[in-house]
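What follows is the residue order along each chain.
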Protein chains: 2
Amino acid sequence: MAEEKTAENVVFVGVKPVMNYVLAVITQFNEGANEVTLKARGRAISRAVDAAEIIRNRFLQGVAVRNIKIGTEEIQAESRVSNVSTIEIVLGKGA
Amino acid sequence: MAEEKTAENVVFVGVKPVMNYVLAVITQFNEGANEVTLKARGRAISRAVDAAEIIRNRFLQGVAVRNIKIGTEEIQAESRVSNVSTIEIVLGKGA
């Protein structure tokens, strides 16, 4: 009844230094999340992968990649529509 | 006996325009491959995702993403070792 966990904990990866996102994910795990999802699009996709790898290899030994999805979003940019790729990397506790 | 297919067909994604890699994958499927893997590292990861999405959405309706793996490689760059993230996107025929 008093279920307060959100269904998914999401960290959006953008143009900041990668360690900002690493820290955001670690904070969510430390606050009790069992699963945290990194989301990014366009050029930030590489940074999301970097963040996932740094978390997995350096900081949280018990955290593994549970799922990776890629997709496409339409972006309205100055009166024309362009497509941008997206990624979702789900990190979870337990191997 | 006369098995001539290689176990895996791989396209390495680098700094060229994304359509080069799209075309390379389409060629491999048209030559009879059932599975083609896009591999990239560092900033080219975003381009590999773009290529996979363009192939899936625009060119090859029967092709789906079968698996996505991320990893880390050590790169020897001017007398010091640095880590670079990698991605492997496996595309396969059939849903």
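Our subject is the structure that appears above.
Participant: Pulling in residues and values, what's your account of the relation of the copies chain A and chain B?
Facilitator: Superposing chain A onto chain B requires a rotation of 180° together with a translation of 0.0 Å along the rotation axis, leaving an RMSD of 0.0 Å. Look at the turn and shift together and you get a two-fold axis relating the two. By residue overlap, the copies meet face to face through one surface: 100% of the interface positions of chain A are interface positions in chain B.

Participant: Residues and numbers for the layout of surface pockets, please.
Facilitator: A probe matching the size of a water molecule, rolled over the atoms, marks out where space remains unfilled. Taken as a whole, the largest pocket holds about 500 Å³ of empty space. When residues of the lining of the largest pocket are traced back to their parent elements, those giving at least two are helix H2 (44-59) of chain A together with helix H2 (44-59) and strand S4 (80-93) of chain B.

Participant: Now, about the packing of helix H1 (residues 18-30) of chain A against H2 of chain A: what can you tell me, with residues and values included?
Facilitator: All names here are of chain A. Contact geometry for H1 and H2: axes closest at 9 Å, N-to-C directions at 55°. As summarised for this structure, H1 and H2 are arranged oblique, according to the angle between their axes. In this structure, H1 crosses over H2, and the sense of that crossing is right-handed. Residue-level inspection shows Val18, Met19, Tyr21, Val22, Val25 and Ile26 of H1 in contact with H2, the latter providing Arg47, Asp50, Ala51, Ile54, Ile55 and Phe59.

Participant: Describe the sheet that holds strand S2 (residues 35-41) of chain B, naming the residues involved and giving the relevant values.
Facilitator: With mixed pairing, four strands are arranged side by side in an open sheet as S1-S2-S4-S3 (chain B). Of all strands in the sheet, those with a lone pairing partner are strand S1 (9-12) and strand S3 (63-77) of chain B, marking the two edges. Taken over all neighbouring pairs, the strand axes of this sheet differ in orientation by 20° on average, direction set aside. Relative to S4 of chain B, S3 of chain B runs antiparallel, the two being bridged by 14 bridges. Within the sheet, the bridge partner assigned to Glu74 of chain B lies in S4 of chain B and is Asn83 of chain B. Of the strands in this sheet, S3 and S4 of chain B touch H2 of chain A, which is tilted by about 70° from S3 of chain B.

Conventions used here
- Residues numbered from 1 in each chain as written.
- Chains lettered and ligands numbered in written order.
- Predicted model: local features only at pLDDT ≥ 70, side-chain atom pairs only at ≥ 80, totals over all residues.
- Heavy atoms only, no water.
- Least-squares fit on C-alpha atoms with pLDDT ≥ 70 in both.
- Contact = heavy atoms within 4.5 Å.
- 1 Å grid on protein atoms, 1.4 Å probe; cavity = no way out; pocket = protein on both sides within 12 Å on 5 of 7 lines; lining within 4 Å.
- Points joined across faces, edges and corners; volume = space filled by probe spheres on them.
- Helix = DSSP H or I, 4+ residues; strand = E, 2+ residues; numbered from the N terminus.
- Axes fitted to C-alpha atoms, helices over the stretch in contact; angles between N-to-C directions.
- Parallel < 35°, antiparallel > 145°, perpendicular 65-115°, else oblique.
- Left-handed = near helix turned anticlockwise from the far one by under 90°.
- Pairing = 2+ DSSP bridges.

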